[in-house]
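The lines below spell out each chain.
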Amino acid sequence: MTRYKLIRLAVDYGALLLVLVGIISVFSVGSDNFLQRSTFISIANQIPDLTFIAVGMTFVLIIGGIDLSVGSVLALSSAVLGTLMVDHDWSLISAIPLCLLTGSVCGLVSGYVSIGFRIPSFIVTLGMLEMARGATKLVTDSQTKYIGSAVEPIGEPLPGILLSPAFLFAIASVLAAQFLLKRTVFGRYCVAIGTNEEAVSMSGIRTAPYSIAVFAISGLLCGMAGLAQTSRLSSADPNAAVGIELAAIAACVIGGTSLMGGRGNVISSFIGVLIIAVLQTGLAQLGVSDANKQIITGAVIVVAVLLDTLRNRLNTREARLV
Amino acid sequence: MNSRHTTLLEVEGLTKSYGETTVVDDCCLSFHRGEIHALLGANGAGKSTLVRMIAGLVSPTAGRMHLGGQPYSPATKRKAEMAGIEIVQQELNLISTLSVAENLLLTRLPANIGIISRERLHAQARTALNRFGLTNISTRSKVAELGVGQQQMVEITKALAQDCRLLILDEPTAALSPAESESLFSWLRQLKLKGVGIIYISHRLDEISRLADQISILRDGHHVGTFPTHECSTDRMVELMSGGSAYTATATNSSPTRNRTALRVEGISGGPIHDVSFNLYEGEKLGFAGLVGSGRTELLRLIFGADKATKGCVYLNQDMSPCRFKHPSEAVSAGLAMVTEDRKDNGLLLSQSIRANTTITSLWKRFSRCGIIRDAAEIRSAREQCDSLGIRSEHLDQPVRTLSGGNQQKVAIAKWLVHDANVFLFDEPTRGIDVAARRRIYHLLDTLSKRGKGIIMVSSDLDELREVCDRIAIISAGRLVDIFTRDNWSREDMMQTAFAGYLNRSTV
């Protein structure tokens, strides 16, 4: 039993970590500046936004949905924070709850419309993507709200450990989400719903509250990502995080989350985030042009998923008919 | 007559292993032209794997095959088809969004420069269906609109439409009504006269003794023996397949105490169901029989709240107020349980573990504290169920998909035993599972009824219902026509009743 679990762990994370270590080694050889503390600290302080988003996305994908609105919801949460602090002189502490609430409400609305009226989440969140972006522009008057030092402490490295509170919160959210997924009734039911919703329903379980909650959680995490980003940039940018949904989906998929639902792992998604971030930073250090950076990142995503698919095929072949 | 004993396909030492598990072990068999050769065995005995190797779907680990004297080792299904071997598998391989005609002619759509000729398509499909007596299936309807039985017939028609030397049928009648089965049999007999060899897999022993010329029996991957059908009684078949352990009907001790009602259904209507009322007593096993499409599954779904009833009520445990469940969750908390007909579709989470499937209904109630799953309690309970139901598996975290049909069904039942309901609705609980697993389920039904549970069992197999149940209700055209008790049931009467609802209607 324990041997079986060990093998499972190795299979679950081994291949991914290997990819990550491989990429890091390539950059270490290619650039003298890469393997330095400053590089990793800079990566650590950049990734909280994508980490929060990827954690929420993992849950959404697991229940068989998709959330395309995350970038706009992030921007809207950020805009709410910026406007309150700049135009209405709210303090950071009092503005944060409203920022997070904004994200949650957006997620809740997407979830309710999608689940309650049985409309594919792809469509609903595509609509939310447009609406939240529009609302962002409305709230900010399409102006970047410069907040300045009042919001910076969250994104700034703490003395001593050199990691920002945002990064620590992001790590905490990964661990909490992994616990939620693997050890709680809620997580179990999310996986079950993504596997076969009708079977769950016929087992006497109402699936709608779980699915809606997942979208709300994704929204809440967008709010947290909005906060992290605002503090990193010292301002709320109405055009922030365009396209982050694709990076988040890529991170989840690299981590082995199935787009068909029923399979996923938060820690693997986080490793996916790391792979993307290391790739971006490393390529930038090597002086690779933006065009080539995009091509390489795209290729790495496809190769990572290809490896995962092959691994799964191998697994099912071995497991069949035991 | 001479052709009857020409060997068509010879299989020598055919073996298939997955890792350390050997599914088919050193099988030597020969199949002849113009002969119906039945393969019998419990689920997991290796029948399906054996024929899948013959059909090029699975490659053997060891062994040789000769087709018409030539060495034969098909790498793909396509190669096997080119050599004249067709297979109809248990699972349907139809594209549900395409029409019947498009499915039938999928690999050779009649077209002019790439544009499909609709007239020729439908004309050819019509001919194929008519040859098989399926005049009632429109070539234009989408496959998804057909019932499971009709889909199965389309699938078989598709295979028969190609000329072949050897036809393999894996459980073709599992979803067919008796009439549909009969027309299939007469077709098979015609093919046989034309010199086609047929390999036929089925759990229905009576069917095999009427149809087959030769019977080969597999047990645990081994070929136990091949016998001419007339030398092998159905009792002997069971004995060879399972190695004994017969289930003796417990008619004597199963007279339920008729004083306490477990479930009362009053005038329930909805969908195809009209105004159905009945009583189920505690400790009683009530069977529901009827033709395919008569609404038996739909009735269970209405009671269980999976579909919405437009009229009528359900009473549980006498003292309870009338209910009309809007969602299965309400039915479950009132003490109902339903084992669904199609375990792959809505009964099980195939890619999830045995453990997760067993405990899914009771996670909040029994296996968690503050929403956190109590692993130890969960594992203990799942293991208990595996032991008591005899679920054969390597470990509890194994995905259910990797189990045999019978073991999957036991898992589907186990989740309700863990939940401990008062009234159990079983929809075709023994469909597609082997004799040994079937006996186990009958025993389970006995145990449950002795504990005072009310049991409703839907089955297409009337003999099964007569063996297991205390009373049998007949559903015909969505109405409950009559309820028979042990002292007055005869096959003929019940069959007549089952047809009764359709006599005065031209619509069905």
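Since the model is a prediction, treat every value here as computed from it, not as a measurement.

Looking at the overall build of chain B
Move 1: Regarding its fold elements, chain B presents 18 helices and 23 strands.
Move 2: In terms of C-alpha radius of gyration, chain B reaches 24 Å, essentially the compact-globule figure of 23 Å for 508 residues.
Move 3: Taking the principal axes of its C-alpha atoms as reference, chain B extends roughly 70 × 55 × 50 Å.
Move 4: By residue count, 56% of the 508 residues in chain B fall in the buried class.
Move 5: Taking as baseline every contact in chain B between residues at least 6 positions apart, the subset at least 24 positions apart corresponds to 65%.
Move 6: Between the centroid of the 61 positive side chains of chain B and the centroid of its 56 negative side chains there is a distance of 4 Å.

Brief notes about the sheet that holds strand 23 (residues 479-485) of chain B
All names here are of chain B.
Move 1: Ordered in space as 17-20-21-15-22-23, the six strands form an open sheet in which the pairing is mixed. The open sheet is flanked by strand 17 (336-339) and strand 23, the only strands paired with a single partner. Looking at each pair of strands side by side, their axes are set apart by 20° on average, direction ignored.
Move 2: Pairing geometry for strand 15 (residues 285-290) and strand 21 (residues 454-458), over four bridges, is parallel. Bridged to L286 within strand 21 is I456.

Points about the nonpolar core
Move 1: If you look at the biggest cluster of nonpolar residues, it comprises 95 residues, and the most contacted ones within it are I47(A), I53(A), F59(A), L81(A), L92(A) and V278(A).
Move 2: Among the elements that line this core, the one with the most residues is helix 12 (residues 266-285) of chain A, at 11 residues.
Move 3: One finds V332(B), A414(B), V423(B) and M457(B) within the second-largest nonpolar core, a separate group that totals 74 residues.

Details of the domain arrangement of chain B
Residues and elements named next belong to chain B.
Move 1: Segmenting chain B into domains produces domain 1 (2-242) and domain 2 (261-335 + 421-508).
Move 2: The straight-line distance from the C-alpha centre of domain 1 to that of domain 2 is 33 Å.
Move 3: Each partner contributes residues to the interface: domain 1 has eight residues there, and domain 2 has eight residues.
Move 4: Counting every contact that joins domain 1 to domain 2 gives zero residue pairs in polar contact (both at pLDDT 80 or more).
Move 5: Tallied by class, the residues present in the side of domain 1 that touches domain 2 amount to five nonpolar, three polar and no charged.

So, helix 16 (residues 435-450) of chain B
Residue and element names in this part refer to chain B.
Move 1: With 16 residues, helix 16 should reach 22 Å at 1.5 Å per residue; the first-to-last C-alpha distance of 23 Å fits that figure.
Move 2: Those residues of helix 16 lying buried are V435, A437, R438, I441, Y442, L444, L445, D446, L448 and S449.
Move 3: Where helix 16 ends, the next residue or the one after it, G452, has phi of about 90°, a positive value.

A word on the sheet that holds strand 16 (residues 311-316) of chain B
Residues and elements named next belong to chain B.
Move 1: Spatial ordering of the open sheet is given by 14-13-16, a layout of three strands whose pairing is antiparallel. The open sheet has two free edges, formed respectively by strand 14 (273-281) and strand 16, since each of these has just one partner strand. Ignoring which end each strand starts from, the neighbouring axes of this sheet average 5° apart.
Move 2: Examined bridge by bridge, strand 13 (residues 261-270) and strand 16 share five bridges and lie antiparallel to one another.

Quick look at the interface of chain A and chain B
Move 1: Each partner contributes residues to the interface: chain A has 29 residues there, and chain B has 44 residues.
Move 2: Interface area, chain A with chain B, both sides summed: about 3,100 Å², of which 58% is carbon and sulfur.
Move 3: Counting the contacts that link chain A with chain B gives four salt bridges.
Move 4: A salt bridge links R188(A) to E378(B); the shortest N-O distance between them is 2.6 Å.
Move 5: Connecting chain A to chain B are 15 residue pairs in polar contact (both at pLDDT 80 or more).
Move 6: When residues of the side of chain A that touches chain B are traced back to their parent elements, those giving at least two are helix 7 (165-183), helix 8 (185-195), helix 9 (197-202) and helix 13 (290-319) of chain A.
Move 7: When the residues that make up the side of chain A that touches chain B are grouped by side-chain class, the tally is 15 nonpolar, eight polar and six charged.

Some details on unusual backbone geometry
Move 1: Although it is not a glycine, R118(A) sits at a positive phi angle of roughly 55°.
Move 2: Turning to its location among the elements, R118(A) is positioned in the loop between helix 5 (92-116) and helix 6 (121-140).
Move 3: Positive phi, normally seen in glycine, also occurs at D26(B), with a value near 50°.
Move 4: Inspection of the secondary structure puts D26(B) in strand 2 (residues 21-32).

A short note on the pairing of strand 10 (residues 197-201) of chain B
For a regular strand, side chains alternate in direction, first toward one face of the sheet and then toward the other.
All names here are of chain B.
Move 1: Of all five residues in strand 10, five are buried, a share of seventy percent or more.
Move 2: Going residue by residue along strand 10, you find G197, I199 and I201 tucked away on one face and I198 and Y200 tucked away on the opposite face as well.
Move 3: Bridge count between strand 3 (residues 36-40) and strand 10: four bridges; the pairing is parallel. If you follow I36 over to strand 10, its bridge partner there is I198.
Move 4: The pairing of strand 9 (residues 166-170) with strand 10 spans five bridges and is classified as parallel. Its bridge partner lying in strand 10, I168 is registered against I199.

Here we look at a nonpolar patch on the surface
Residues and elements named next belong to chain A.
Move 1: There is a patch of nonpolar side chains on the surface, built from Y112, F117, I119, F122, I123 and L126 and spanning about 600 Å² of accessible area.
Move 2: Per element, the largest residue contribution to the nonpolar patch is three residues, and it comes from helix 6.
Move 3: Since its relative accessible area comes to 43%, F122 is described here as partly exposed.

Overview of the confidence of the model for chain B
Residue and element names in this part refer to chain B.
Move 1: Overall, the prediction assigns chain B a mean pLDDT of 85, with 93% of residues at 70 or greater.
Move 2: Ignoring residues within four places in sequence, the model shows residues 244-254, a span with pLDDT below 50, making 15 contacts including any to other chains.
Move 3: Segment residues 504-508 is flagged for pLDDT under 50; beyond a separation of four residues in sequence, or across chains, it makes three contacts in the model.

The rules behind each value
Residues numbered from 1 in each chain as written. Chains lettered and ligands numbered in written order. Predicted model: local features only at pLDDT ≥ 70, side-chain atom pairs only at ≥ 80, totals over all residues. Heavy atoms only, no water. Helix = DSSP H or I, 4+ residues; strand = E, 2+ residues; numbered from the N terminus. Rg over C-alpha atoms; globule rule 2.2 N^0.38 Å. Buried < 20%, exposed > 50% of the residue type's maximum accessible area, 1.4 Å probe, protein only. Contact = heavy atoms within 4.5 Å. Lys, Arg positive; Asp, Glu negative; His and termini not counted. Charge placed at Lys NZ, Arg CZ, Asp CG, Glu CD. Pairing = 2+ DSSP bridges. Axes fitted to C-alpha atoms, helices over the stretch in contact; angles between N-to-C directions. Core = buried A, V, L, I, M, F, W, Y, C linked by side-chain atoms within 4.5 Å. Domains from an automatic or database assignment. Polar contact = N/O pair within 3.5 Å; in protein donor to acceptor, adjacent residues only side chain to side chain. Nonpolar A, V, L, I, M, F, W, Y, C, P; charged D, E, K, R; others polar. Expected span 1.5 Å × (residues − 1). Buried area = accessible area lost by both parts, 1.4 Å probe. Salt bridge = Lys/Arg side-chain N within 4 Å of Asp/Glu carboxyl O. Patch = residues over 30% accessible without salt bridge, like charges linked within 9 Å, V, L, I, M, F, W, Y side chains within 5 Å. Areas by Shrake-Rupley, 256 points an atom, 1.4 Å probe, with all protein chains shown as cover. pLDDT = per-residue confidence, 0-100.

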